[in-house]
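Chain residues, written in single-letter form:
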Amino acid sequence: MNQDTITKVAELIKENSAQGQAGFGFCTLSLIDEEGFPTASVMMPSKSEGINQITFGTMLDENRAKRAAKDNKASVCFATAAYCINLVGEVEVITADEVKRDMWYDGLVHHFTGPDDPNYCVLKFNTKRYKFFIDGEDVAGTV
């Protein structure tokens, strides 16, 4: 895979996160539920680091955080008519105040009192492998 494609995909992910501020996009985060089945949630990413890492703000006492703590296998998908970005990897639940403050964005005020809200946590997704369809090309690989 050429570096230009990876850079383009990383920019698309960033544009669809709160850090991109271009219009706030969404993606699908899939986690394994209590019965071993994949369960998808539409979420807005907080930040991204290339294709390697994506963070999400969520509630510590709800299903996403509980599922991630029990089984860390996850996938993320960004899709439009122009591209499809599928990432497979692992997710961890983070409650460290410094990380929560760093990942905070204004849209979270609808769900939390602020970055120090005890029910606010960060899901940190780390990519292990990817499959992209972009510019008429199918590309797969590992990170």
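In case you missed it, the structure is sitting above this.
Remember, predicted model here, so these are calculated numbers, not experimental data.

A. Quick look at the side chain of Ser30. Along the polypeptide, Ser30 turns up in strand β1 (residues 27-32). Residues in contact with Ser30, not counting those within four places in the same chain, are Thr39, Ala40, Lys73, Ala74 and Ser75.

B. Looking closely at helix α2 (residues 63-70). Three or more residues of α2 are buried, namely Ala65, Arg67 and Ala68. Down the axis, α2 shows its buried residues gathered within 165° of arc, on one side only. α2 presents Ala69 and Lys70 as exposed residues on the side facing more than 90 degrees away from its buried surface. On the buried face of α2, the contacting elements are β1, β2 (38-43), β4 (53-59), β6 (83-94) and β7 (120-134). The N-capping residue of α2, defined by a side-chain oxygen 3.0 Å from the backbone nitrogen of Arg64, is Glu62.

C. Examining the pairing of β6 more closely. Judged from the seven bridges that link them, strand β5 (residues 73-79) and β6 form a sheet pairing that is antiparallel. Paired with Ser75 across the bridge in β6 is Val88. Here β5 folds back onto β6 in antiparallel fashion, the turn holding three residues. Bridge analysis of β6 against β7 gives 12 bridges, and the strand direction is antiparallel. Along β7, the bridge assignment pairs Gly89 with Thr127.

D. Representation of the pattern of salt bridges within the structure. Overall, the coordinates contain nine salt bridges when judged by the stated rule. Close ionic contact of Glu62 with Arg64 constitutes a salt bridge, the shortest N to O distance being 3.6 Å. Here Arg64 falls in the partly exposed class, since its relative accessible area comes to 23%. As a salt-bridge pair, Lys73 and Asp71 come within 3.1 Å of each other at their nearest N and O atoms. You can call Lys73 partly exposed: its relative accessible area is 49%.

Quick notes on the rules
- Residues numbered from 1 in each chain as written.
- Predicted model: local features only at pLDDT ≥ 70, side-chain atom pairs only at ≥ 80, totals over all residues.
- Heavy atoms only, no water.
- Helix = DSSP H or I, 4+ residues; strand = E, 2+ residues; numbered from the N terminus.
- Contact = heavy atoms within 4.5 Å.
- Buried < 20%, exposed > 50% of the residue type's maximum accessible area, 1.4 Å probe, protein only.
- Arc of directions from axis to C-beta.
- Polar contact = N/O pair within 3.5 Å; in protein donor to acceptor, adjacent residues only side chain to side chain.
- Pairing = 2+ DSSP bridges.
- Salt bridge = Lys/Arg side-chain N within 4 Å of Asp/Glu carboxyl O.

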